[in-house]
Amino acid sequence: MTYVIHGATGAQGAPVAAALAAAGKKVIAVTRSADTVVSGARVVVADYASTAELTRAYRDAEAVFVHLPLASEDDRRAYARHIAAAVRAAGTARVVFSTSGSPLAPADGGDPDGRTGNAVATLAGGLADSGVSHAVIAPTLFLENLLMPHIVEAVRERGALPYPMRAGFPVSWASHLDVADVAVALLERPEVTGVVSVGQSPAITAPDLAEAFGARLGRRVRFETVTPEDFRASVAPLIGEGAAADVADLYRALDTLPEYAIALEHSAQKLLGITPRTASRWLEDIGF
């Protein structure tokens, strides 16, 4: 089989492409630049903004792994519509879509073209309408968020893990590597459809994460709650003011919830027999 992988040089797509190539599968890496090199893959240039280009990329493949790139929500909704249209036009047999942690909130039901509402829901709805076998990978928060420079610096230099959540808030944390493990399995298991949640269960708290960092460093690391506004100011230089404001809004919203945990009945643990990495295993795998 031939697999089309979006973001094959990025955090989610790269381990998917690498795993498939290592297994001897034919991999097509969709990029925006013809100069991109992806080991073990054939590179095809296609823009999310072009249904025609995406259709050409998908036409040679049995299965596609896709996630929406960082962009304005208007652009992401447009990309979602182009992807769904290309899947239908190319006759793709299987699609695996990662929400990248964005909520699967319903798109605005008053807009049949999906011009408003949530881009992730727009793509999930478009795939459902296409009739193509598909699965939606739904992680919560990524462990890789903890690798931002200001967080790693605080861990190493002050023995503190700063993050914008309360200490007792349980979260089903997951890694990009966990998403890749699940994506590879789902690409070859078309009988598994619908939402597949990815994350630790039972959910863990931020002090648990601090303890894992401390174990790796051989000294105590304490959790330090910061406000969403302080976190916004810290990440804005890295991801831009607009994206940073969206991140702050997310954590304000999470602070109103009792937990941010996956439901086991829809989990990769139950549906695929894949258990996500613990925080300690993740830190070991990335060589922290």
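Structure: see above.
The numbering scheme is per chain: residues are counted from 1 as the chain's sequence reads. Totals for whole chains, interfaces and linings use every residue, but because this is a predicted model, local features are given only for residues with pLDDT of at least 70 and side-chain atom pairs only at 80 or more, for both listing and counting. Calculated side-chain values reflect all of the structure's heavy atoms, with hydrogen atoms and water omitted.

**Student:** An account of the packing of aromatic side chains is needed here, citing residue identities and associated values.
**Tutor:** Between two aromatic rings, the relevant description is the distance of the centres plus the angle of the planes. Two rings belonging to Phe, Tyr or Trp (six-membered ring only in the last case) form a pair when the distance between their centres is within 6.5 Å. Interplanar angles under 30 degrees mark stacking, angles over 60 mark edge-to-face geometry, and anything in between is tilted. A complete count under the given rule lists 6 aromatic pairs for this structure. With a centroid separation of 5.6 Å and an interplanar angle of 65°, the aromatic rings of Tyr163 and Trp173 are classed as edge-to-face. Here Trp173 lies in the loop between strand E7 (160–163) and helix H6 (176–187) and Tyr163 lies in strand E7, a separation of 10 residues in the sequence. Judged by relative accessible area, Trp173 falls into the buried class, the value being 0%. Following the ring pairs from residue to residue traces out a cluster consisting of Tyr163, Trp173, Phe231 and Tyr251. Its end group placed over the ring of Phe288, Arg156 keeps NZ or CZ at 4.3 Å from the ring centre. Here a helix means four or more residues in a row that DSSP labels H or I, a strand means two or more in a row labelled E, and each is numbered from the N terminus. Whether a residue is buried, partly exposed or exposed follows from its accessible area with a 1.4 Å probe, protein chains only, as a fraction of its type maximum: under 20%, in between, or over 50%, in that order. Think of it as a cone above the ring: NZ of Lys or CZ of Arg counts as a charge over the ring if it is within 6 Å of the ring centre and within 35 degrees of the ring normal.

**Student:** Describe unusual backbone geometry, listing the residues and the values that go with them.
**Tutor:** Following Ser201, the chain continues into Pro202 via a peptide bond in cis, with omega recorded as 5°. Mapped onto the elements, Pro202 comes out in the loop between strand E8 (194–198) and helix H7 (206–217). For Ser100, which is not glycine, the phi torsion reads 60° and is therefore positive. One can find Ser100 in the loop between strand E5 (94–98) and helix H4 (119–130).

**Student:** Go over empty space enclosed by the protein with me, naming the residues and quoting the values.
**Tutor:** Summary: where empty space remains is shown by rolling a probe the size of a single water molecule over the atoms. Computed over the protein atoms alone on a 1 Å grid, cavities are sets of points where a 1.4 Å probe fits but cannot get out and pockets are open sets with protein on both sides within 12 Å along at least five of seven lines; a residue lines them when it has an atom within 4 Å of a point. Grid points are joined across faces, edges and corners, and a volume is the space filled by probe spheres set on the points. Across all of its chains, the model carries 1 cavity of 30 Å³ or more by this definition. Here the largest cavity is characterised by a volume of approximately 40 Å³. Residues that form the lining of the largest cavity fall into these classes: 5 nonpolar, no polar and 2 charged. Classification used: nonpolar for Ala, Val, Leu, Ile, Met, Phe, Trp, Tyr, Cys and Pro, charged for Asp, Glu, Lys and Arg, polar for all others including Gly.

**Student:** Please set out H4 residue by residue, giving values where relevant.
**Tutor:** Between its first and last C-alpha atoms H4 spans 16 Å; for 12 residues at 1.5 Å apiece the expected length is 16 Å, and the two agree. With respect to burial, H4 is a largely interior element, 9 of its 12 residues being buried. The set of residues buried in H4 consists of Ala119, Val120, Ala121, Thr122, Leu123, Ala124, Gly126, Leu127 and Ser130. Lining the buried residues of H4 we find strand E4 (63–67), helix H3 (73–90), E5 and strand E6 (133–139). Polar contacts here mean pairs of N or O atoms no more than 3.5 Å apart (in protein, one a potential hydrogen donor and the other a potential acceptor; neighbouring residues in sequence count only if both atoms are side-chain atoms). Its side-chain oxygen placed 2.8 Å from the backbone nitrogen of Val120, Asn118 serves as the N-cap of H4. Where H4 terminates, the next one or two residues include Gly131, which has phi positive at roughly 80°. Expected helix span is taken as 1.5 Å per residue step, with the number of steps being one fewer than the number of residues. Contacts were defined at the residue level, with two residues in contact if any of their heavy atoms lie within 4.5 Å.

**Student:** Go over the sheet that holds E8 with me, naming the residues and quoting the values.
**Tutor:** Two strands are said to pair when DSSP picks up at least two bridges between them. One open sheet accounts for 7 strands, arranged E3-E2-E1-E4-E5-E6-E8; its pairing is parallel. Two strands bound the open sheet, and with one partner strand each, they are strand E3 (41–45) and E8. Along the sheet, successive strands turn relative to each other by an average axial angle of 20°, direction set aside. Inspection of the sheet shows E5 paired to E6 by 5 bridges, in the parallel sense. Its bridge partner being in E6, Phe97 is matched across the sheet by Val136. Axis lines are fitted to C-alpha atoms, over the contacting stretch for helices. Their N-to-C directions set the angle, which ranges from 0 to 180 degrees. Sitting on the sheet, helix H1 (residues 13–22) is in contact with strand E1 (2–6), strand E2 (26–31) and E4, with an inclination near 160° to E1.

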